[in-house]
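# Tertiary structure, described
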Amino acid sequence: MTVKSHILVVDDDTALLRALPQALYLQMKQVEVDTSDSALQALEQIQKHDYDTIVSDIKMPGMDGLALLAKIRELRPETPTLLITGHGEHNLAIEALRGGAYDLIQKPIDREYLVAALHRAIITYQLRRKVHEQQMALELHNRSLEQLVQTRTQELVGANAAKDRFLSIVSHELKTPLTSLKGRTQLLRRQLSSSDTKQDVTEVFSKGLTSMERSIARMEMLVNDLLDSSLIETNMLVLNRKRCDLVELCRNFLDEYTAGAGPTLSFNYPGKPIEVEVDYNRIGQVLLNLLSNARKYSPQGSPITLTLQQSGHEALLLVRDMGIGIAPDKLDSIFEPCYRVPPTIEEQKNSPSGLGLGLYISRKIVERHGGHINVQSLPDHGSVFTVALPLFVDPDAIQDSDAPPIPHTQAVWTIIY
Ligand code: ADP
């Protein structure tokens with residue numbers, strides 16, 4: 001659909017004002033002509049409408065065509081203005097061109113010349129308008145690009161600051177066991193040189209080694225967390241998935257976890273295995289992380305339970321504690337990397353804080369298995385972390401029947417420190 005061109009004709013000669021539009025309607029397609037018998041009235045119309053071209057007589061009572069042209073240049077600098085001059089009015093014509101007139105139409109008006117001049121003017125205006133629109137679009141695009149660059153820069157600055165914060169936490173956390181290790185070694189050497197009997201030496205060694213092993217274990221845990229998070233960030237975490245029984249997996253890890261002079265462990269397992277296809281050690285790592293958090297954030301003597309359930313096509317592993325719980329506004333953040341709810345002084349004394357990577361690594365491991373992890377918690381009442389993993393699906397069994405798998409029995413362990 002072609003758009004109508006809108007033209008304004010200004011002339012105090014009312015006969016011409018009637019005749020000219022008729023002539024233009026006859027010779028031009030898709031044109032709409034407005035008229036005005038004075039420059040002042042024309043100005044009002046120009047303010048309201050964005051005309052494609054304006055044709056005005058140069059000589060008019062009151063405001064003349066040249067004054068009108070000057071006003072149009074202010075109001076609508078892109079609109080071409082054609083001025084009608086009388087025969088021999090050379091000086092006026094020169095003034096009109098200097099004032100920015102697009103073209104001159106000589107009286108008596110040659111209609112064909114007028115129509116051709118109008119066509120040129122309209123095309124010029126439409127091209128100018130298009131250029132203007134494209135300029136606007138470019139400016140808009142430019143602005144949105146600038147905005148994007150600004151946002152990205154802010155993100156990078158934020159990420160950089162987070163990395164700096166993280167590095168400072170890592171160095172601080174690694175320094176603590178390292179300092180303890182160094183101190184203990186120096187003490188050991190001093191004590192060794194001052195001990196006389198064999199029994200003394202054995203006791204000194206035994207105490208020193210226990211403390212050193214604790215520091216080494218802590219450093220090992222921190223370094224492992226760092227390595228795991230780097231594997232995840234670089235997309236290099238490889239899962240070695242094998243079909244196994246989740247009950248068996250939990251039992252093995254729990255036995256190891258509670259071995260020695262550890263907590264009391266009670267077990268209620270009516271019987272059936274829960275088959276999953278997982279990386280045995282990685283899921284064990286998730287379990288141990290949840291158990292050690294449950295212990296870290298619970299008072300001594302309060303029970304921690306591990307429950308295994310089957311719900312639909314998922315195996316659910318629930319770790320429940322009755323500890324300090326988590327504030328509702330922190331629940332969404334605890335699975336983010338490096339997020340730690342700041343511990344109280346008392347909590348800090350009881351157990352050293354981690355890097356805030358444990359739950360992040362656990363979430364990523366579970367998600368890589370096609371599962372999900374979530375938490376429900378109430379401050380001062382405790383928390384339940386639920387890991388959902390897809391059950392192993394036997395392709396032959398699927399062909400045999402489409403019925404949902406029969407629910408398996410649960411297994412429940414209770415640990416008390
Ligand atoms: P961290 O190694 O610092 O414990 P995690 O990623 O394991 O890091 O946990 C993140 C935060 O979630 C912890 O700082 C702690 O505040 C909170 N949190 C995790 N588990 C529990 C829990 N069982 N009870 C209360 N708070 C918990």
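Residues numbered from 1 in each chain as written. Predicted model: local features only at pLDDT ≥ 70, side-chain atom pairs only at ≥ 80, totals over all residues. Heavy atoms only, no water.

### Observations concerning the site of the ligand
Heads up, the rule is: Proximity is defined per residue: any heavy atom of the residue falling within 4 Å of a molecule or strand makes that residue near it. Throughout this description, a polar contact denotes any pair of N or O atoms lying within 3.5 Å of each other; where both atoms belong to protein, one of them has to be capable of donating a hydrogen while the other can accept it, and for residues adjacent in sequence the pair is counted only when both atoms sit in side chains. Helix and strand definitions follow DSSP, with helices as H or I runs of at least four residues and strands as E runs of at least two, each counted in order from the N terminus.
Taken together, 19 residues are adjacent to the ligand, and Asn-293, Tyr-297, Asp-321, Val-341 and Leu-359 come closest. Between an oxygen atom of the ligand and a side-chain N or O atom of Tyr-297, the distance comes to 3.1 Å. Among the elements of the structure, α8 (280–296), α10 (358–368) and β12 (382–390) are those that each provide at least two residues to the shell around the ligand. Per-element accounting of the shell around the ligand gives the leading share, three residues, to α8.

### Concerning the nonpolar core
Note the threshold: Among the buried residues, those of types Ala, Val, Leu, Ile, Met, Phe, Trp, Tyr and Cys that are joined through side-chain atoms within 4.5 Å form a nonpolar core. With a 1.4 Å probe rolled over the protein chains alone, any residue whose accessible area is under 20% of its type maximum counts as buried; one over 50% counts as exposed, and the rest are partly exposed. Domain delimitation follows an automatic or database domain assignment. The contact criterion used throughout is that any non-hydrogen atoms of two residues lie within 4.5 Å.
Core analysis: the largest hydrophobic core is formed by 48 residues, its most contacted members being Leu-246, Leu-308, Leu-317 and Val-319. Looking at which domains feed residues into this core, each of domain 2 (155–233) and domain 3 (242–416) gives three or more. In this structure, Leu-246 is in contact with Ile-274, Val-276, Ile-283, Leu-308, Ala-315, Leu-317 and Leu-389, ignoring residues within four places of it in sequence. Core analysis: the second largest hydrophobic core is formed by 19 residues, Met-28, Val-55, Ile-84 and Leu-118 among them.

### Some thoughts on the sheet that holds β12
Condition: Think of it this way: DSSP has to see at least two bridges between two strands before they count as a pair. Axes here refer to lines fitted to C-alpha atoms; in helices the fit is confined to the stretch in contact. Angles between the N-to-C directions go from 0 to 180 degrees.
Strand order in the open sheet formed by six strands is β7-β13-β9-β10-β12-β11, with antiparallel pairing between adjacent strands. Each edge of the open sheet is held by one strand with a lone partner, namely β7 (264–268) and β11 (372–378). If you compare each strand with its neighbour and ignore which way they point, the axes differ by 15° on average. Pairing geometry for β7 and strand β13 (residues 411–416), over five bridges, is antiparallel. For Thr-264, the partnering residue across the bridge sits in β13 and is Ile-416.

### Some thoughts on helix α5 (residues 111–194)
Operational definition: By definition here, a helix of n residues has an expected span of 1.5 Å times n minus one.
Under the 1.5 Å per step criterion, the end-to-end length of α5 is 122 Å for 84 residues, consistent within 8% with the ideal 124 Å. Its side-chain oxygen 3.0 Å from the backbone nitrogen of Glu-112, Asp-110 forms the N-cap of α5.

### Considerations on the packing of aromatic side chains
Stated precisely, the cut-off is as follows: Two aromatic rings, drawn from Phe, Tyr or Trp (for Trp, its six-membered ring), form a pair once their centres lie within 6.5 Å of each other, and the interplanar angle then sorts them: stacked below 30 degrees, edge-to-face above 60, tilted otherwise.
Here the structure, examined in full by the defined rule, presents two aromatic pairs. With 5.6 Å between their ring centres and 40° between their planes, Phe-253 and Tyr-280 make a pair best called tilted. Of this pair, Phe-253 sits in helix α7 (residues 246–257) while Tyr-280 sits in helix α8, and the two are 27 residues apart along the sequence. Residue classification places Phe-253 among the buried residues on the basis of a relative accessible area of 10%. Among the residues examined, Tyr-280 registers a relative accessible area of 28% and is labelled partly exposed. Geometrically, the ring pair formed by Phe-335 and Phe-385 is edge-to-face, given 6.2 Å between the ring centres and 70° between the ring planes. In this pair, Phe-335 sits in the loop between β10 (314–321) and α9 (345–350) while Phe-385 sits in strand β12, placing the two residues 50 residues apart along the sequence.

### Here's the deal with the side chain of Asn-289
The topology assignment puts Asn-289 in helix α8. Note on Asn-289: relative accessible area 15%, which makes it buried. Setting aside residues no more than four positions away along its own chain, Asn-289 makes contact with Gly-358, Leu-359 and Ser-362.

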